[in-house]
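Residue-level structure breakdown
Each chain is listed here by its residues.
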Amino acid sequence: MDILYFAWVRERIGLPKEKLETSAVTVMDLVEELRGREDRYALAFSDLAALRVAIDQELTDFDAALGDAREVAFFPPMTGG
């Protein structure tokens, strides 16, 4: 699965994207797995209220099932104007 990071999430982790083999069932399971990798991931995912997530380019919640997802993206909330 491809994991994409945008804006300050990318800056904290130091990567725009990575390919990951995971047994995570939900987005939250994936977040917990990522948090356990290194401190930079723990920092990036320390405040989930400041993050949004999309599975295969569709906005979703952290309790969403990953299923056969090919891509998960993490990014800060967007504003328009």
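Counting restarts for each chain, with residues numbered from 1 along the sequence as it is written. With pLDDT at 70 or above as the cut-off, local features in this predicted model cover only qualifying residues; side-chain atom pairs require 80 or more to be listed or tallied, and sums for whole chains, interfaces and linings still use all residues. Excluded from the side-chain calculations are hydrogens and water; all other atoms, namely the structure's heavy atoms, are used.

1. Notes on the environment of Val72
Keep this limit in mind: Here a strand is any run of E in DSSP of at least two residues, a helix any run of H or I of at least four, and the numbering for each starts at the N terminus. Buried means the residue's accessible area, taken with a 1.4 Å probe over protein chains only, is under 20% of the maximum for its type, while exposed means over 50%, and partly exposed covers the values in between.
In this fold, Val72 is placed in strand 5 (residues 71–75). A relative accessible area of 0% means that Val72 is categorised as buried. Distance in space between the C-alpha atoms of Val72 and Asp2 is 6.4 Å, their sequence separation being 70 residues.

2. Comments concerning the environment of Asp29
Following the sequence through the fold, Asp29 ends up in helix 2 (residues 27–35). Residue classification places Asp29 among the partly exposed residues on the basis of a relative accessible area of 36%. Along the primary structure Asp29 and Glu71 are separated by 42 residues, whereas in three dimensions their C-alpha atoms are 15 Å apart.

3. Considerations on the side chain of Thr26
What counts here: In protein, a polar contact means a hydrogen-donor-capable atom and an acceptor-capable atom, both N or O and within 3.5 Å, with residues adjacent in sequence counting only if both atoms are side-chain atoms; elsewhere, any N or O pair within 3.5 Å suffices. Here a residue-residue contact requires only that any non-hydrogen atoms of the pair lie within 4.5 Å.
Structurally, Thr26 can be placed in the loop between strand 2 (17–19) and helix 2. Within the structure, the side chain of Thr26 is placed 3.1 Å from the backbone nitrogen of Asp29, a separation counted as a polar contact. Those residues in contact with Thr26, other than ones at most four positions away along the chain, are Phe62, Asp63, Ala64, Ala65 and Leu66.

4. Examining the packing of aromatic side chains
Note the following rule: Side-chain rings of Phe, Tyr and Trp (the six-membered ring for Trp) are treated as a pair once their centres are within 6.5 Å; stacked means planes under 30 degrees apart, edge-to-face means over 60, and tilted covers the remaining angles.
According to the stated counting rule, one finds four aromatic pairs in the structure shown. Ring pairing ties together the aromatic residues Tyr5, Tyr41, Phe45, Phe62 and Phe74, which thus form one cluster.

5. Some thoughts on the sheet that holds strand 4 (residues 58–60)
Which entries qualify depends on this criterion: We treat two strands as partners when DSSP finds at least two bridges between them. To get an axis, a line is fitted to the C-alpha atoms, and for a helix only the part in contact is used. The angle between two axes follows their N-to-C directions and goes from 0 to 180 degrees.
In spatial order, the strands read 2-1-5-3-4; together these five strands make up an open sheet with mixed pairing. The open sheet has two edge strands, strand 2 and strand 4, and neither has a second partner. Taking the axes of each pair of neighbouring strands and ignoring which way they run, one obtains an average angle of 25 degrees across the sheet. By the bridge criterion, three bridges tie strand 3 (residues 52–55) to strand 4 in an arrangement that is antiparallel.

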